[in-house]
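Topology and contacts: notes
Residue-level listing of the chains:
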Amino acid sequence: MIVRTLEECENSARKIESETGTWNSVRMSLKDDNMGFSFHITTIYANTETPIWYQNHLEAVYCISGEGEIETVDDGKVYPIKPGTLYLLDKHDQHLLRGFSEMKMACVFNPPLIGNEVHNKDGAYELSAETVTD
Ligand code: 9YT
């Protein structure tokens, strides 16, 4: 059994600040917990747009608070995000994530992140060598 609080994770190396300055991520559970996924609390900053394309991962995102929208690049569809909204990037969808106000999101990644990943130039996370050889 593993128990952690958001507060203790925020005050540790589990908190990652994005290089774009548009979000941070508190990675409460990572690959080394051996759960088969990683679990993060992400804060999307107000009045920001982040291009994202997780070519190597599936992600589920649940909005806890705040307002924004997500636009899928292939078809230009725009979906509002508000508290209670869940979106599932089941097709590795390339997208633009916009926060109108600060948004708190609960995020699950499969395969799990190992810890310190930040987006590459495409808005993706690389698969770690450790993950590839599993
Ligand atoms: C919603 C989203 O993907 N935001 C970017 C950060 C990501 N959730 C993470 O690394 O926690």
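Figured I'd write up the structure that's included with this text.

Rules and cut-offs
- Residues numbered from 1 in each chain as written.
- Predicted model: local features only at pLDDT ≥ 70, side-chain atom pairs only at ≥ 80, totals over all residues.
- Heavy atoms only, no water.
- Pairing = 2+ DSSP bridges.
- Helix = DSSP H or I, 4+ residues; strand = E, 2+ residues; numbered from the N terminus.
- Axes fitted to C-alpha atoms, helices over the stretch in contact; angles between N-to-C directions.
- Buried < 20%, exposed > 50% of the residue type's maximum accessible area, 1.4 Å probe, protein only.
- Contact = heavy atoms within 4.5 Å.
- Polar contact = N/O pair within 3.5 Å; in protein donor to acceptor, adjacent residues only side chain to side chain.

**Here we look at the sheet that holds strand S6 (residues 68-72)**
Working definition: the strands of a sheet are paired by backbone hydrogen bonds and lie parallel or antiparallel to each other. Judged by pairing direction, the sheet is antiparallel, and its 4 strands sit side by side in the order S4-S9-S6-S7 without closing on themselves. Looking along the sheet, the strands with just one partner apiece sit at the ends: strand S4 (48-52) and strand S7 (78-81). Along the sheet, successive strands turn relative to each other by an average axial angle of 20 degrees, direction set aside. Strand direction decides the pairing type here: S4 and strand S9 (residues 95-99), joined by 5 bridges, are antiparallel. Bridge pairing links threonine 48 to glycine 99 in S9.

**What about the environment of glutamate 49?**
Secondary-structure assignment places glutamate 49 in strand S4. A residue is classified by how much of its surface remains accessible, and glutamate 49, at 42% relative accessible area, is partly exposed. Between the C-alpha atoms of glutamate 49 and aspartate 122, which are 73 residues apart in sequence, the distance is 14 Å. What glutamate 49 contacts, discounting residues up to four positions off in sequence, is Thr22, Leu96, Leu97 and Arg98. A distance of 2.7 Å separates polar atoms of two side chains, one belonging to glutamate 49 and the other to arginine 98.

Scope: geometric values only; no functional claims are made or implied.
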